[in-house]
Amino acid sequence: MSESVIPDSEASLRDFRSEVRAFVAQALPHGVREKVRLGLEVSKDEMIDWQRRLAERGWLAPHWPRDWQGQGWSAERRAAFQEELVLAHAPETGGISIEMIGPILIRYGTPAQQQYFLPRILNLEHWWCQGYSEPNAGSDLASLKTRAVRKTRPDGTEVYVVNGSKIWTSYAQYADWIFCLVRTDTGARAQQGISFLLVDMRSPGIGVRPLVGIHGWHLFNQVFFDDVEVPVENRVGDENAGWAIAKSLLEHERLNLARVAENRRRLAKVRAIAAELEESGQPLLLRPWFARRYRELEVRLEALAATVLRFRQRARAGARLGPETGMLKLLGSRLIQDIENLAVDALGPGTLAYDRAAHFEPATPQPGQSAYAAAASARRFVTRGYTIAGGSSEIQHELLAKQVLGL
Ligand SMILES: Cc1cc2nc3c(=O)[nH]c(=O)nc-3n(C[C@H](O)[C@H](O)[C@H](O)COP(=O)(O)OP(=O)(O)OC[C@H]3O[C@@H](n4cnc5c(N)ncnc54)[C@H](O)[C@@H]3O)c2cc1C
């Protein structure tokens, strides 16, 4: 996806940030903004509606090539765009479709796959989910067992027959398509016998079992494949060459795993919570236990932001970003958890009551209770997964120890 980009000056970035802020202020429905601000669950319809508004403005997939409605932005402009959206409490912008499978198809897809799938991602007709993890293959993904065996149908068409299951599949309940890693050769070394398939979720033999998390949200699912027939044309790349494609996903959005803007927004939320509360006749912001933890988080956030900036500058100067980027994910995901822990500690026992309805619509708080209390525990538990998803902290430690420190 390397194309010429429009260089940015400080002034043009400032103007651009104002343009994005003005757009969000006018285009983001107030109710959705409130939900994101309070940490409530945004429905599929609300997400699609927001993405449609971005698409109309040409901003749904600005980092895609110009042939596919990309904008030719610099890395700085893109980062500024994402930051402004997060800080304005906009919902996510199509992570798996736009950030994962779209770029994969642009890089590795056949012209026929690109012509069919990319427009349907951009017009929001297709919602995608990611079928990598299995019950016994997470950190050690290459040990995956979902099997795809080639067969010729009586009409002469060639298909893979897929059997097995995928787990922790985020938003599979909404998905029209799933991209999967499947084993097509059991004799080869683990990484060499894997292929990358695109599977229609309406195919006969697919089952989706909801897995409701400790946070009460239906995010995860287990997806079952029982003799599911997938046309051979739906394989991306060569047979048994899926591992390289799977790994290249990690190249996308590496710097963003630090979640600097999201951390900033959440820390601002903690400050807003504390500004509402008093303890022992003093504003919570001034209570020593709170002030100490809050300031420590602030310092960690600024250190992280400065480190990310350094990486961005290195990238701009053409340097390769090595495995050190794992450090950013490690620090950013821990920081988010500590911020959410402080939110819950500040809000106190009001966060203990569990009311599923309160996850979807802002509730009128009980007298003396903060509007942030209803979803605070759920929020904290959602962020618990941030140190697991995308490579757990232990795995990041391993990689940093071996590949960066040479231990
Ligand atoms: C919020 C969230 C969303 C997700 N969405 C998706 C999705 O959409 N699609 C998808 O395919 N998957 C998804 N996942 C799954 C995710 O990729 C896996 O949870 C992750 O890869 C870890 O695998 P596991 O859960 O099987 O844990 P395991 O690999 O079994 O690990 C269990 C524990 O052992 C530790 N461990 C494992 N190996 C080592 C080692 N070699 N050295 C030291 N410690 C080790 C781990 O760090 C962890 O603490 C999601 C997970 C989360 C939390």
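Residues numbered from 1 in each chain as written. Predicted model: local features only at pLDDT ≥ 70, side-chain atom pairs only at ≥ 80, totals over all residues. Heavy atoms only, no water.

Further remarks concern the overall build of the chain. Regarding its fold elements, the chain presents twelve helices and ten strands. Rg of the C-alpha trace for the chain: 22 Å, near the compact-globule value of 22 Å for 407 residues, within the 12% margin. Here the chain holds 407 residues, and the buried ones make up 47% of them. Once local pairs closer than 6 in sequence are excluded, the contacts in the chain between residues at least 24 apart make up 74%. Roughly 19,800 Å² of accessible area belongs to the chain as shown, and the carbon and sulfur atoms make up 53% of that amount. (Helix = DSSP H or I, 4+ residues; strand = E, 2+ residues; numbered from the N terminus. Rg over C-alpha atoms; globule rule 2.2 N^0.38 Å. Buried < 20%, exposed > 50% of the residue type's maximum accessible area, 1.4 Å probe, protein only. Contact = heavy atoms within 4.5 Å. Areas by Shrake-Rupley, 256 points an atom, 1.4 Å probe, with all protein chains shown as cover.)

Let us look at the domain arrangement of the chain. Size of an interface, as often reported, equals the accessible area lost when the parts are brought together. Domains assigned within the chain are domain 1 (10-93), domain 2 (128-240) and domain 3 (254-404). Each of domain 1 and domain 2 has a C-alpha centre, and these two points are 31 Å apart. Taken together, the contacts link five residues of domain 1 with four residues of domain 2. If you sort the residues of domain 1 by the area they bury against domain 2, Glu-41, Lys-44 and Met-47 come out on top, with a joint share of 87%. Here domain 1 and domain 2 share zero salt bridges between them. Scanning the region where domain 1 abuts domain 2 turns up one residue pair in polar contact (both at pLDDT 80 or more). (Domains from an automatic or database assignment. Buried area = accessible area lost by both parts, 1.4 Å probe. Salt bridge = Lys/Arg side-chain N within 4 Å of Asp/Glu carboxyl O. Polar contact = N/O pair within 3.5 Å; in protein donor to acceptor, adjacent residues only side chain to side chain.)

Moving on, we come to the site of the ligand. Near the ligand there are 15 residues, and of these Ser-133, Ser-139, Ser-170, Ser-392 and Glu-394 occur at the shortest range. Between Trp-168 and the ligand, the recorded distance is 3.1 Å, taken from a backbone N or O atom to a nitrogen atom. Within the contact set of the ligand, an oxygen atom lies 2.6 Å away from a side-chain nitrogen or oxygen of Ser-392. In terms of residue class, the shell around the ligand is made up of six nonpolar, eight polar and one charged. Composition of the shell around the ligand by domain shows at least three residues from each of domain 2 (128-240) and domain 3 (254-404). (Near = heavy atom within 4 Å. Nonpolar A, V, L, I, M, F, W, Y, C, P; charged D, E, K, R; others polar.)

To continue, consider the packing of helix H5 (residues 95-108) against helix H6 (residues 111-122). For the pair H5 and H6, the least separation of the axes is 10 Å and the interaxial angle reads 160 degrees. For the element pair H5 / H6, the angle class is roughly antiparallel. The two elements H5 and H6 cross, and the hand of that crossing is left-handed. Of H6, the residues touching H5 (which contributes Ser-97, Ile-98, Ile-101, Gly-102, Leu-105 and Ile-106) are Gln-113, Gln-114, Phe-117, Leu-118 and Ile-121. Of the residues belonging to the contact of H5 with H6, the class tally is seven nonpolar, four polar and no charged. (Axes fitted to C-alpha atoms, helices over the stretch in contact; angles between N-to-C directions. Parallel < 35°, antiparallel > 145°, perpendicular 65-115°, else oblique. Left-handed = near helix turned anticlockwise from the far one by under 90°.)

Attention now moves to empty space enclosed by the protein. Any empty space left between the atoms is revealed when a probe the size of a water molecule rolls over them. Counted by the stated rule, this structure contains two cavities of 30 Å³ or more. When its volume is computed, the largest cavity comes out at roughly 70 Å³. Trp-59, Leu-60, Pro-62, His-63, Arg-78, Phe-81, Gln-82, Leu-85, Thr-93, Ile-98 and Glu-99 are the residues that line the largest cavity. Contributions of two or more residues to the lining of the largest cavity are made by helix H4 (75-87) and H5. When its residues are assigned to classes, the lining of the largest cavity shows six nonpolar, three polar and two charged. Empty space within the second largest cavity amounts to approximately 50 Å³. Listed by contribution, the elements that provide at least two residues to the lining of the second largest cavity are helix H8 (260-276), helix H10 (325-347) and helix H11 (373-384). Per-element tally for the lining of the second largest cavity: the top contributor is H11, with three residues. Each residue belonging to the lining of the second largest cavity can be placed in one class, and the counts come to seven nonpolar, no polar and two charged. (1 Å grid on protein atoms, 1.4 Å probe; cavity = no way out; pocket = protein on both sides within 12 Å on 5 of 7 lines; lining within 4 Å. Points joined across faces, edges and corners; volume = space filled by probe spheres on them.)

As a further point, take the packing of H4 against H8. As a packed pair, H4 and H8 sit with axes 9 Å apart at the nearest point and diverge in direction by 25 degrees. In terms of their interaxial angle, H4 and H8 are classed as roughly parallel. In this structure, H4 meets H8 at a crossing whose hand is right-handed. Contact residues: Glu-83, Val-86 and Leu-87 in H4; Ala-261, Glu-262, Arg-264 and Arg-265 in H8. Across the contact of H4 with H8, the residue classes tally to three nonpolar, no polar and four charged.

Now for the nonpolar core. Judged by nonpolar contacts, the single largest core of 70 residues is most densely connected at Phe-196 and Leu-198. Counting only domains with at least three residues in this core, you end up with domain 1 (10-93) and domain 2 (128-240). Here Phe-196 is in contact with Ile-101, Ile-104, Tyr-132, Phe-179, Cys-180, Leu-181, Asn-234, Arg-235, Val-236, Gly-242, Ile-245 and Ala-246, once residues within four sequence places are set aside. Counting residues in each nonpolar core, the second largest holds 31 residues, with Leu-277, Tyr-294, Val-308 and Leu-328 among its members. (Core = buried A, V, L, I, M, F, W, Y, C linked by side-chain atoms within 4.5 Å.)

We now examine H4. With 13 residues, H4 extends 18 Å from end C-alpha to end C-alpha; this agrees with the ideal 18 Å at 1.5 Å per step. Among the residues of H4, those classed as buried are Arg-77, Arg-78, Ala-79, Ala-80, Phe-81, Glu-84 and Leu-85. Directly beyond the C-terminal end of H4, a positive phi value near 65 degrees is found at His-89. (Expected span 1.5 Å × (residues − 1).)

The next point concerns a nonpolar patch on the surface. Among the surface-exposed residues, Val-404, Leu-405 and Leu-407 lie close enough to one another that they form a single nonpolar patch of about 330 Å² accessible area. Along the polypeptide, Leu-407 turns up in the segment after helix H12 (393-404). The exposure class assigned to Leu-407 is exposed, which follows from its relative accessible area of 76%. (Patch = residues over 30% accessible without salt bridge, like charges linked within 9 Å, V, L, I, M, F, W, Y side chains within 5 Å.)

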